[in-house]
Amino acid sequence: MAAEGGGKEMNEIKTQFTTREGVYKLLTHSEYSRPNRVPFNSQGSNPVKVSFVNVNDQSGNGDRICFNVGRELYFYIYKGVRKAADLSKPIDKRIYKGTQPTCHDFNPLTATAESVSLLVGFSAGQVQLIDPIKKETSKLFNEERLIDKTRVTCVRWVPGSESLFLVAHSSGSMYLYNVENTCGTTAPHYQLLKQGENYAVHTCKSKSARNPLLRWTVGEGALNEFAFSPDGKFLACASQDGFLRVFGFDAAELHGTMKSYFGGLLCVCWSPDGRYIVAGGEDDLVTVWSFSDCRVIARGHGHKSWVSVVAFDHCTTSVEDGDPPAEFSGSDEEFHEQVHFGAGRDRANSSHSRLSKRNSTDSRPVSVTYRFGSVGQDTQLCLWDITEDILFPHLPLSRTRTHTNVMGAASPPATGQTTTTTVSTIPTPTTTTTTTTTTNPSGTNGKDNVSNSSSSGNTANSLPSTLPRSNSLPHSSNPGNSIIDSAFIATGVSKFATLSLHDSRKERHEKDHKRNHSMGHISSKSSDKLNQLSSTRTVKADAAKTLGTMLCPRMDEVPLLEPLVCKKIAHERLTVLIFLEDCLVTACQEGFVCTWARPGKVGLLSSQNNPANSPSGTVV
């Protein structure tokens, strides 16, 4: 067993770690990889990604896993902590020529034991719809690359829909598709639907229904990842220009924005209740953003290089409401009455998906703990807790004192808010059925390629009498206040020299960071590099304008979280972190997908382990 101490042991690969819940253990027999278990040479290849779906198999073994490694795509029965993996029997395996899989997503609404719908995005820009159980390829979208020629960075089914899906590209554009529509034989023509600061939404002009239904152009440079809110009504986008932008999806309206400390944002996720968003990227930080207040409420420092994935742990996150939150209302809901995509879209209304416009200090929850994790190119896994002293810094821990609303949802927006102009309404596409059967995407490799919507207010609250109880440094009671107790802050922030507030030190850190840690998350292909270089000046100019504002508070203006756990768990950069009910799943660029049993779950597999089946490429 690997030790957990310091010194030389700091560089050892950990096989277990401990939190307040107990010990998480790596299950070496539950590792998934290519059948030969040989580490993959990851030079110049796209990140390994993992997707899960449950097919409701009556045998109790309904989980299925899909992962890509280089030009290969694998589909297995996922046995998790229950039974050792059998890599000799993939349900489906595909090897692509001329392009590589970059991302994929299952549709949970249509999944059965006999059939699943899996979307796969590719480096040359195509999107394939396949059924790995039936071993069928039903459709190929953007086959001639007339819609977008750049790499697919993210693909997701629209929540609650059996036919709509959204695709993001390294060009900075997103496209809404309907699986029933064709893509046409000519390049699409677009008509402006809505426009705001640094984003625009266009509809596709066509006499007959065709894809794409919509084109979103967001920010500058690549759109690295997007994530739907738990109720499917909002969309969070992480872009290479360093901005997080949150949109009302149906209304195509900008809800709020946030700027990274520096560099691009690479990943984004929502809390299970939709109240908070966490983003990570090239500043080596994780940033927590409040949906209702449209502001940064905390940053986390623990990684030594770019953060590639962030994810909330829905099993450990705990929120107990004191009073029921107010229902969300506004122009988005009015717009929803007029806008339909004609795809039988149905929204999920679960108790875990409530979005509240109320002030975060109203109806304060009795007990709050949000757990999320992050992995990065530094090969480290970090776990973080956000507790009520971070979420509600203005209130004393006794919870007996009332407090005036600081940022009431009903107050008017701040000056400079992005204005949107509606040019036309979204047409209702007629549904057509196509029975075209396609083969694997082929052809030459494709070239891989703001304003804050918040309310403002000032208070005269003093700093809390005691330090926050979470893993954070001391922080100001009002992040937006220009009066800061610098002596109070300096005691903690001075430890983080690499995150200095002085521009000269920050520039030095950026140079060291790029020389020592930067690895091609986007891709090593030429056009992406050119796009990043061409936008460098713009990004730096934006950083200079936004630093110290609500878009991007300074390091001493918000709490700085320290990770509960920060462990090196792989030899190559980490690209996957997924929390499941009885385990968490990680994957590295070598192509190894690892299962970590939650406390008390490891015994399910130990009695079935057979040393003769020990994988030669196991990360230990």
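Counting restarts for each chain: residues are numbered from 1 in the order of the written sequence. Totals for whole chains, interfaces and linings use all residues, but because this is a predicted model, local features are given only for residues with pLDDT of at least 70 and pairs of side-chain atoms are given and counted only at 80 or more. Only hydrogens and water are removed before side-chain values are computed, so all heavy atoms of the structure are retained for them.

The chain is annotated in an unreviewed UniProt entry as WD repeat-containing protein 20 from Scophthalmus maximus. According to its UniProt record, the chain has this under Subunit (unreviewed entry): "Interacts with USP12; promotes translocation of USP12/WDR20 to the plasma membrane. Component of the USP12/WDR20/WDR48 deubiquitinating complex. Interacts with USP46; contributes to the cytoplasmic localization of the USP46/WDR20 complex. Component of the USP12/DMWD/WDR48 deubiquitinating complex." UniProt positions are given in the numbering used here, feature names are shortened, and annotations may be inferred rather than shown by experiment.

Draft legend 1. Examining the overall build of the chain more closely. Per the secondary structure count, the chain includes seven helices and 34 strands. Taken across its 620 residues, the chain has 59% of its residues classed as buried. Surface accessibility of the chain: about 25200 Å² in total, with carbon and sulfur atoms responsible for 49%. The helix count covers DSSP runs of H or I at least four residues long, the strand count covers runs of E at least two residues long, and both are numbered beginning at the N terminus. Partly exposed describes any residue whose relative accessible area lies between the buried limit of under 20% and the exposed limit of over 50%, with all areas from a 1.4 Å probe on protein chains only and scaled to the type maximum. Accessible surface area values rest on a Shrake-Rupley calculation with a 1.4 Å probe, where residue burial reflects the displayed protein chains alone.

Draft legend 2. Fine view of the nonpolar core. Counting 23 residues, the largest nonpolar core has L166, M174, L176, W216, F226, L235 and F249 as the members making the most contacts within it. Those elements giving two or more residues to this core turn out to be β12 (164-169), β13 (173-178), β15 (199-205), β16 (214-218), β17 (223-228) and β18 (234-239). We call a set of buried residues a nonpolar core when its members are Ala, Val, Leu, Ile, Met, Phe, Trp, Tyr or Cys and they connect through side-chain atoms within 4.5 Å of each other.

Draft legend 3. Seen up close, the packing of aromatic side chains. Two aromatic rings, drawn from Phe, Tyr or Trp (for Trp, its six-membered ring), form a pair once their centres lie within 6.5 Å of each other, and the interplanar angle then sorts them: stacked below 30 degrees, edge-to-face above 60, tilted otherwise. Per the counting criterion, the structure on display carries 26 aromatic pairs. With a centroid separation of 5.8 Å and 70° between ring planes, the pair formed by W157 and F165 is classed as edge-to-face. This pair shows no difference in class: W157 is buried, exactly as F165 is. Taking 5.1 Å as the distance between ring centres and 75° as the angle between the ring planes, the aromatic pair formed by Y276 and Y370 counts as edge-to-face. Separated by 94 residues along the polypeptide, Y276 in strand β22 (residues 276-281) and Y370 in strand β27 (residues 367-376) bring together distant segments of the chain.

Draft legend 4. Layout of the state of the cysteines. Disulfides are defined as cysteine sulfur pairs within 2.5 Å. Scanning all chains against the criterion turns up zero disulfides. Considering cysteine sulfurs only, C183 is the nearest to C204, which forms no disulfide, with 9.6 Å between them. Overall, C204 belongs to the buried group, its relative accessible area being 12%. Not part of a disulfide, C237 finds its nearest cysteine sulfur in C154, a span of 9.1 Å. Note on C237: relative accessible area 0%, which makes it buried.

Draft legend 5. Seen up close, the environment of Y370. Looking at Y370, the relative accessible area reads 2%, which means it is buried. Here D273 takes part through its side chain, which lies 2.5 Å from a polar atom of the side chain of Y370. Here a polar contact means two N or O atoms within 3.5 Å. Within protein one must be a hydrogen donor candidate and the other an acceptor candidate, and residues neighboring in sequence count only if both atoms are side-chain atoms.

Draft legend 6. Seen up close, the sheet that holds strand β30 (residues 560-561). At least two DSSP bridges between two strands are required for those strands to pair. Read across the open sheet, the five strands follow the order β21-β22-β23-β24-β30; overall the sheet is mixed. Unpaired on one side and paired on the other, β21 (265-270) and β30 mark the two borders of the sheet. Pairing geometry for β21 and β22, over five bridges, is antiparallel. When the bridges of β22 are listed, C267 appears paired with G280.

Draft legend 7. Local environment of the side chain of E72. Looking at where E72 falls in the secondary structure, it is placed in strand β5 (residues 72-77). Taking relative accessible area as the criterion, E72 reaches 15% and is therefore assigned buried. Only 2.4 Å separates the side chain of E72 from the side chain of Y74, close enough to count as a polar contact. Any pair of residues with heavy atoms lying within 4.5 Å of one another is described as a contacting pair. Contact partners of E72, with chain neighbours within four places excluded, come to R34, F67, R94, I95 and P101.

Draft legend 8. Seen up close, the pattern of salt bridges. The rule for a salt bridge is simple: a side-chain nitrogen of Lys or Arg has to be within 4 Å of a carboxyl oxygen of Asp or Glu. With the rule as written, the count across this model stands at 12 salt bridges. One salt bridge connects D313 with R598, and the closest N-O pair in it is separated by 2.8 Å. One exposure class covers both D313 and R598, and it is buried.

Draft legend 9. Structural view of the pairing of strand β25 (residues 307-312). Most of β25 sits inside the fold, with six of its six residues counted as buried. Inspection of the sheet shows β25 paired to β27 by five bridges, in the antiparallel sense. Note on β27: the bridge partner recorded for V307 is G376.

Draft legend 10. Examining the sheet that holds strand β33 (residues 583-588) more closely. As summarised here, the arrangement of the five strands in space is β1-β2-β34-β33-β32, forming an open sheet in which the pairing is antiparallel. The strands lining the two open edges of the sheet, one partner per strand, are β1 (16-19) and β32 (574-579). Shown here is a sheet whose adjacent strand axes are inclined to one another by a mean of 25°, direction ignored. Direction of pairing for β32 relative to β33: antiparallel, over a ladder of five bridges. Each residue of the ladder has a partner; that of L574, found in β33, is C588. Simply put, an axis is a line fit to the C-alpha atoms, just over the touching stretch for a helix, and the angle between two N-to-C directions goes from 0 to 180 degrees.

Draft legend 11. Spotlight on the environment of K205. Looking at the secondary structure, you find K205 in strand β15. Exposure remark for K205: the relative accessible area of 49% places this residue in the partly exposed category. With 17 residues separating them along the chain, K205 and P188 place their C-alpha atoms 7.2 Å apart. K205 has contacts with H189, Y190 and Q191, leaving out every residue within four places of it along the chain.

Draft legend 12. Highlighting the confidence of the model for the chain. Confidence of the predictor at the level of single residues is given by pLDDT, which spans 0 to 100. Across the chain, the average pLDDT comes to 75, with 63% of residues at or above 70. Note on residues 606-620: pLDDT under 50 across the span, and 25 contacts to partners over four residues away in sequence or across chains.

Draft legend 13. Up close: unusual backbone geometry. In this structure, P212 follows N211 across a cis peptide bond, with omega equal to -5°. Take P212: it is sitting in the loop between β15 and β16. Although it is not a glycine, N142 adopts a positive phi angle of roughly 55°. Residues other than glycine seldom take positive phi values, yet N198 does so here, at roughly 65°. Within the secondary structure layout, N198 lies in the loop between β14 (189-196) and β15. Given a relative accessible area of 34%, N198 falls into the partly exposed group.

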